[in-house]
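Structural features, examined
Okay, here's what each chain looks like letter by letter:
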Amino acid sequence: MIRSLNTLHVHWNILTGTIPTTIEKAVSLQSISLSGNNIFGEIPTSIRNVYELEELWLWSTNITGTLPEELFDLEKLKVLDFGQNQLHGTISGNIANLVNLRELHLDNNNFYGTIPPTLGNIKGLEILALDGNNFYGTIHDAICTLRSLLLEEFITDCTKKIKCTCCTECGPRTEENE
C-alpha cells in the first residue's frame, strides 16, 4: 500500500513523532507535507530512496540536525521548505544537484557560514528564503544573476555580516546585527 502512495499531506494535524527511516519504502511519493506538526529529530538519510519526490514541506515542525547530503540526490525535487525549524550547520555546495528546484525555504533556522555560490547553478529557482540564520559574507554574483532569470523572491538578512546587492527583501534588522 505505501509503495503506491504518491501524496502525503497531513499538515497542521497535531501529529507528534519522527520521520521514520522506513520512508524509503514509499518509492512513489511525489509530495510530502508535514508542516505545522511536532515532528522532531533529524531528516532520515533514507529519504534519498524516495526518488519521485518533488515537494517536501516541513515548515515549522521542530526538526533538528543538519541537511543530510542524501537529500541532494533527489533530482526531481521542486519545492524544499524547511523554514522555522532547528536545523543548523552549513549548506553544502551539493545543493546545486537539485537542478529542478523552484522554491528553497531555509529561513529561520540556525544555519551559518557563507551562502554557497553553487545556488547560482539552479537556473529555475523562483523563491530563495534564507533569512533568520547566521550567514556571513557577500552574496556571489552567480546567485545575483538568477534575478535576471526566474528568481522573483530572494530574502536574506541584510546586515553588516552579509552583503547582498540583489535581494528582493531583507530579513528583520536589529540593533545587534546592524
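Our structure's up above, just so we're on the same page.
The rules behind these values
- Residues numbered from 1 in each chain as written.
- Predicted model: local features only at pLDDT ≥ 70, side-chain atom pairs only at ≥ 80, totals over all residues.
- Heavy atoms only, no water.
- Helix = DSSP H or I, 4+ residues; strand = E, 2+ residues; numbered from the N terminus.
- Phe/Tyr/Trp six-rings, centres within 6.5 Å; stacked < 30°, edge-to-face > 60°.
- Buried < 20%, exposed > 50% of the residue type's maximum accessible area, 1.4 Å probe, protein only.
- Pairing = 2+ DSSP bridges.

1. What about the environment of Leu151?
The topology assignment puts Leu151 in the loop between helix 1 (141-145) and strand 14 (153-156). Along the sequence, Leu151 and Glu126 sit 25 residues apart, while their C-alpha atoms lie 3.9 Å from each other.

2. What about the packing of aromatic side chains?
Taken as a whole, this structure holds one aromatic pair when the rule is applied. A ring pair is formed by Trp12 and Trp59, whose centres lie 5.8 Å apart and whose planes are at 55°; its orientation type is tilted. Of the two residues, Trp12 is situated in the loop between strand 1 (7-9) and strand 2 (16-17) and Trp59 in the loop between strand 5 (55-57) and strand 6 (64-65); the sequence distance between them amounts to 47 residues.

3. Section: the pairing of strand 8 (residues 86-89)
Only one face of strand 8 is buried, namely the one carrying Leu87 and Gly89, since none of Gln86 and His88 on the opposite face is buried. Both strand 6 and strand 8 contribute to a ladder of two bridges, which runs parallel. In the sheet register, Thr64 faces strand 8, and the bridge partner there is Gln86. Bridge count between strand 8 and strand 10 (residues 110-113): two bridges; the pairing is parallel. Across the sheet, the residue bridging to Gly89 is Phe111, located in strand 10.

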